[in-house]
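Summary of the model geometry
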Amino acid sequence: MNSDYKRTLGRSGIEVSALGIGCWAIGGPFWAGEQPLGWGEVDDRESIRAIRRALDLGVNFFDTANVYGAGHSELVLSEALAGRRDEAVIATKFGGTFDEQTRQTGPDDGTPAGLRHAVRESLRRLGTDYIDLYQLHINSLPIPQALDLVPVLEELVEQGLVRAYGWSTDFPERAEAFAQAGQHCTAIQADLSVLRGSFAVLPVADRFDLGVIIRGPLAMGLLSGKYAADSKLPLDDVRGLSPEWMTYFTDGRPTAEFLDRIAAIRELLTSGGRTLAQGALAWLWAYNSRTIPIPGCRTVAQVEENAGALEHGPLPEKELTEIERLLGRA
């Protein structure tokens, strides 16, 4: 297996690398009041080098959102892809509101008017005239409100501003409703790693031929192998103040339960010369053939390690089966 390893993004027919790059962290700091939503300070120059290195290594799928860094992630991605836009498949998201100057987030906006405004602003920041995959970013938006967005999204496809769309949601019934209603709905984005996640969306993806973009494939960094029980994340990191949904970290420290699970399967994940992170990505590819993990990368070194997983390909069936048994899922 090598870096030519590809996936088709659901029924859109858009071909992407089997590995993507998550662009949340490169947005830098942004907040909801006092709660940090970013991953601390970042070096934009290094972020740009990392994105360009990903392209060189055959990784062409970049997933961001308008709200990441209050627009800054889209701006950095635009600069990194200058002159190479045609090599990249860009996914971004709408639904978040924010002030680009103060970097404070506002209430979610899942209205048709909000969508029309957001797409124009994302196109401006990304410096492009089309978005390959446009995703609703409000996980639990009521289904009737989400369905009100489908005609607008179809209109954007017709206008050539968007190639395909999807929903970043962990609720299978929401994914199903969107896929049923929207001809050009082609993907679901869900939280999933070898440790835990939204397994229930996978049958929906199979039924409606959707790509499955995997956020959190490295368990917010736990599966990078960098953190131990005594690790403490800084307070300017979203993991440091650990909002309620941040189950992998508690009060800025790795949650013991997940460290125990990693210890139980580390040997299997690192088989065949893989690093722990590469094994976690390989598990996702082996578990479901639709998965496109998008680990966050802030540095060239992180990109190179994660892209190295493409050289190994999916985890062998024997290791996959044993991991499921050890984690009590078999």
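Conventions and cut-offs
Note on numbering: residues in each chain are counted from 1, in written sequence order. This being a predicted model, a pLDDT of at least 70 is required before a residue's local features are given, and a value of 80 or more before pairs of side-chain atoms are given or counted; all residues contribute to the totals for chains, interfaces and linings. The side-chain figures draw on all heavy atoms in the structure; neither hydrogens nor water molecules are used. For the purposes of this entry, the term helix denotes a DSSP run of H or I that reaches at least four residues, the term strand denotes a run of E that reaches at least two, and both are numbered from the N terminus. Both definitions apply: the radius of gyration is a C-alpha atom measure, and the globule rule equals 2.2 Å times residues to the power 0.38. Residue burial is assigned from relative accessible area. The probe radius is 1.4 Å, only protein chains are included, and a residue is buried under 20% of its type maximum, exposed over 50%, and partly exposed in between. Whether two residues are in contact is decided by their heavy atoms: any pair within 4.5 Å suffices. Here, Shrake-Rupley sampling with a 1.4 Å probe gives the accessible areas, and only protein chains in the shown set may cover a residue. Only four residue types enter the charge count: Lys and Arg as positive, Asp and Glu as negative, with His and the chain ends excluded. Note on charges: their place is set at NZ of Lys, CZ of Arg, CG of Asp or CD of Glu. Pairing between two strands is assigned when DSSP locates at least 2 bridges connecting them. Only the stretch in contact is used when a helix axis is fitted, and all axes are lines through C-alpha atoms; the angle between N-to-C directions ranges over 0 to 180 degrees. Here a crossover is taken to be right-handed if, once the strands point away from the viewer, the path from the first strand over the helix to the second is traced clockwise. Aromatic pairs are defined between Phe, Tyr and Trp rings, using the six-membered ring for Trp, whenever the two ring centres lie within 6.5 Å; interplanar angles under 30 degrees are classed as stacked, those over 60 as edge-to-face, and all others as tilted. In what follows, a disulfide is any cysteine sulfur pair within 2.5 Å. We define a salt bridge as a contact between a side-chain nitrogen of Lys or Arg and a carboxyl oxygen of Asp or Glu at a distance within 4 Å. Each polar contact in these results corresponds to two N or O atoms within 3.5 Å; when the atoms are within protein, one needs to be able to donate a hydrogen and the other to accept it, and residues that are neighboring in sequence are counted only if both atoms are side-chain atoms.

What the protein contains, in helices and strands, is 12 helices and 14 strands. The C-alpha radius of gyration of the protein comes to 19 Å, within 12% of the 20 Å expected for a compact globule of 330 residues. With the principal axes as the frame, the protein shows a C-alpha extent of 50 × 40 × 40 Å. Buried residues in the protein amount to 57% of all 330 residues. Within the protein, residue pairs in contact and separated by at least 24 positions form 74% of the contacts whose partners lie at least 6 positions apart. Per element, the accessible surface of the protein, about 13,100 Å² overall, is 51% carbon and sulfur. Here the protein contributes 32 positive and 45 negative side-chain charges, whose respective centroids are spaced 2 Å apart.

All right, on to the sheet that holds strand β11 (residues 211–215) then. The strand order across the open sheet formed by 8 strands is β3-β6-β7-β8-β9-β10-β11-β14, and the pairing between neighbours is parallel. Looking at the sheet topology across the chains shown, the edges are occupied by β3 (20–22) and β14 (291–293). Each strand of the sheet is rotated relative to its neighbour by a mean of 25°, with strand direction disregarded. Relative to strand β10 (residues 185–191), strand β9 (residues 162–168) is paired through 4 bridges, and the arrangement is parallel. Of the residues in β10, the one forming a bridge with Gly 166 is Ala 187. Lying over the sheet, helix α3 (residues 112–126) contacts β7 (89–94), β8 (131–136) and β9, oriented at roughly 140° with respect to β8.

As a further point, take the pairing of β11. Taking burial as the measure, the 5 residues of β11 include 5 buried ones, the bulk of the element. Here 5 bridges tie β10 to β11, and the two strands are oriented parallel to one another. By the bridge assignment, Ile 188 is partnered in β11 with Val 212. At this point the chain moves from β10, through helix α7 (residues 201–208), to the parallel β11, and the crossover so formed is right-handed. With 3 bridges connecting them, β11 and β14 associate as parallel partners. Looking across to β14, one finds that Ile 214 is bridged to Pro 293.

Our focus in this paragraph is the packing of aromatic side chains. This model, assessed by the stated rule, comprises 12 aromatic pairs. Between Trp 24 and Trp 39 the ring centres are 5.3 Å apart and the planes differ by 85°, which places this aromatic pair in the edge-to-face class. Highlighted residues: Trp 24 in the loop between β3 and β4 (31–32) and Trp 39 in the loop between β5 (35–36) and α1 (44–56), separated in sequence by 15 residues. Taking the relative accessible area as the measure of exposure, Trp 39 reaches 13% and is therefore buried. With a centroid separation of 5.4 Å and an interplanar angle of 65°, the aromatic rings of Phe 199 and Tyr 287 are classed as edge-to-face. Within this pair, whereas Phe 199 is found in the loop between β10 and α7, its partner Tyr 287 is found in helix α10 (residues 276–287), the two being separated by 88 residues in sequence. Through a chain of ring-to-ring contacts, the aromatic side chains of Trp 24, Trp 39, Tyr 68 and Trp 245 assemble into a single cluster.

So, on to the state of the cysteines. Applying the stated rule across the entire model yields 0 disulfides. Left without a disulfide partner, Cys 297 is nearest to the cysteine sulfur of Cys 23, which lies 8.4 Å away.

Take the pairing of β10 next. Most of β10 sits out of view: 7 of its 7 residues are buried. You can see the chain leave β9, run along helix α6 (residues 172–181) and come back into β10, and the turn it takes is right-handed.

Before going further, it helps to examine the side chain of Asp 237. The residue Asp 237 is located in the loop between β11 and α8 (238–241) in this model. A relative accessible area of 3% places Asp 237 in the buried class. Those residues in contact with Asp 237 that sit more than four places away from it in its chain are Pro 36, Gly 38, Trp 39 and Gly 40.

Position of Arg 274 among the secondary structure elements: in the loop between α9 (256–269) and α10. There is no salt bridge for the buried Arg 274, and the closest opposite charge comes from Glu 319, which lies 6.7 Å off by N-O distance. A polar side-chain atom of Arg 274 sits 3.2 Å from the main-chain carbonyl oxygen of Gly 313.

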